[in-house]
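If you want the building blocks of each chain, they are given just below.
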Amino acid sequence: MTIRVVMAGATGWVGKALVPAIGAQGDMALAGAVSRSGAGQDSGLLVGLSANGIIVAASLAEAMEVPSDVPVDYTKPHVVKDHALLAIANGRHVVIGTSGLGAADFGEIDAAARANRVGVIAAGNFRSPPR
C-alpha cells in the first residue's frame, strides 16, 4: 500500500528536504504540496528537482481535494492547529512537525482525532534553521 502524502510547508526549510524524501520512499507518494508563496508552481522545481507534476496549492483545503492519506505539516504555529483539525475532519491522519502548540491545542486535536478515528503524530521541530 502506498501512503499518499500532502506536504504543507513544501517550500520551507524542512519541506524542501521532505518533498524529495517522500518521493524517494517505496511506500510513499507525494500527492500534494502546500505553499502560499509557491502556489501554482511545480513542487519539484520549487525544491530544486526535476518537475514532478505536483502543482503546489495555496491552502491545505485546496491540496486535500486530491485523494491523500496524510498531511505532514511544517508550516507556522498560527495555522497548524487549523490544518490539523481540517485534515481530521476530512478523515486524514496527521503528522504535525510544527512546534508552538500548547496543551489545550493538543487536547482539542486529540478529541477530534478520537471522534474521527484517525491518528495524529506530533513531532515538533525544535532545531534552528540553517543559516
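Quick caveat: nothing in here was measured; it's all calculated off a predicted structure.

Enquirer: Residue-level account of the pairing of strand 2 (residues 28–34), with values.
Expert: Sheet topology places strand 1 (residues 3–8) next to strand 2; six bridges connect them, and they run parallel. Looking across to strand 2, one finds that valine 6 is bridged to glycine 32. Regarding topology, helix 1 (residues 15–24) serves as the crossover connection from strand 1 to the parallel strand 2, and that connection is right-handed.

Enquirer: Help me get a handle on the layout of surface pockets, residues and values and all.
Expert: Quantified by volume, the largest pocket comes out at close to 520 Å³. If you go around the largest pocket, you meet 23 residues; those closest to its centre are Gly9, Gly12, Tyr74, Thr75 and Lys76. Per-element tally for the lining of the largest pocket: the top contributor is helix 4 (residues 77–89), with three residues.

Enquirer: Residues and numbers for the packing of helix 4 against helix 5 (residues 103–116), please.
Expert: It is at 9 Å that the axes of helix 4 and helix 5 come closest, and there the two elements cross at 10 degrees. By the angle class used here, helix 4 and helix 5 are roughly parallel. Mapping the contact onto sequence places Lys81, Ala84, Leu85, Ile88 and Ala89 in helix 4 and Asp105, Glu108, Ile109, Ala112, Ala113 and Asn116 in helix 5. Of the residues belonging to the contact of helix 4 with helix 5, the class tally is seven nonpolar, one polar and three charged.

Enquirer: Give a detailed account of unusual backbone geometry, specifying residues and quantitative values.
Expert: Residue arginine 117 is not a glycine yet carries a positive backbone phi of 55 degrees. Along the polypeptide, arginine 117 turns up in the loop between helix 5 and strand 5 (120–122). For arginine 117, a relative accessible area of 75% translates into the label exposed.

Enquirer: Go over the environment of glycine 91 with me, naming the residues and quoting the values.
Expert: Locating glycine 91 in the fold gives a position in the loop between helix 4 and strand 4 (94–96). As for glycine 91 and alanine 63, which are separated by 28 residues in sequence, their C-alpha atoms are 14 Å apart.

Enquirer: Residues and numbers for the pattern of salt bridges, please.
Expert: Evaluated as defined, the whole model comprises four salt bridges. The shortest N-O distance in the salt bridge between aspartate 69 and arginine 4 comes to 2.9 Å. With aspartate 69 in the loop between helix 3 (60–63) and strand 3 (70–73) and arginine 4 in strand 1, this residue pair connects regions lying 65 residues apart in the sequence. In this structure aspartate 69 comes out as buried when scored by relative accessible area, which is 18%. Taking the shortest distance from any N to any O, the salt bridge between aspartate 105 and lysine 81 comes out at 3.4 Å. With a gap of 24 residues between them, aspartate 105 in helix 5 and lysine 81 in helix 4 connect regions that are remote in the sequence.

Reading the values: rules and limits
- Each residue is numbered by its place in its chain's sequence as written, counting from 1.
- Local features are withheld for residues below a pLDDT of 70 in this predicted model, meaning they are given only at 70 or higher, and side-chain atom pairs are given and counted only at 80 or more; totals for whole chains, interfaces and linings count all residues.
- In computing side-chain values, all of the structure's heavy atoms are included and hydrogens and water are not.
- We call two strands paired when DSSP finds no fewer than two bridges between them.
- Helix numbering and strand numbering both begin at the N terminus, where a helix is a DSSP run of H or I of at least 4 residues and a strand a DSSP run of E of at least 2.
- Orient the strands so they point away from the viewer, and a crossover whose first-strand-to-second-strand path over the helix runs clockwise is right-handed.
- Two kinds of site are reported from a 1 Å grid over the protein atoms alone, namely cavities, where a 1.4 Å probe fits but cannot get out, and pockets, open sets with protein on both sides within 12 Å along at least five of seven lines, and residues are called lining when an atom falls within 4 Å of a point.
- Grid points are joined across faces, edges and corners, and a volume is the space filled by probe spheres set on the points.
- Here an axis means a line fitted to C-alpha atoms, over the contact stretch when the element is a helix, while the angle between two N-to-C directions is reported on a 0 to 180 degree scale.
- Our angle categories are set so that under 35 degrees counts as roughly parallel, over 145 as roughly antiparallel, 65 to 115 as roughly perpendicular, and the remainder as oblique.
- We call two residues contacting when some pair of their heavy atoms lies within 4.5 Å.
- Three classes are used: nonpolar for Ala, Val, Leu, Ile, Met, Phe, Trp, Tyr, Cys and Pro, charged for Asp, Glu, Lys and Arg, and polar for all others, with Gly counted as polar.
- The buried label goes to any residue with under 20% of its type's maximum accessible area, the exposed label to any with over 50%, and the partly exposed label to all in between, with areas taken from a 1.4 Å probe on protein chains only.
- Salt bridges are identified by distance alone: a Lys or Arg side-chain nitrogen within 4 Å of an Asp or Glu carboxyl oxygen.

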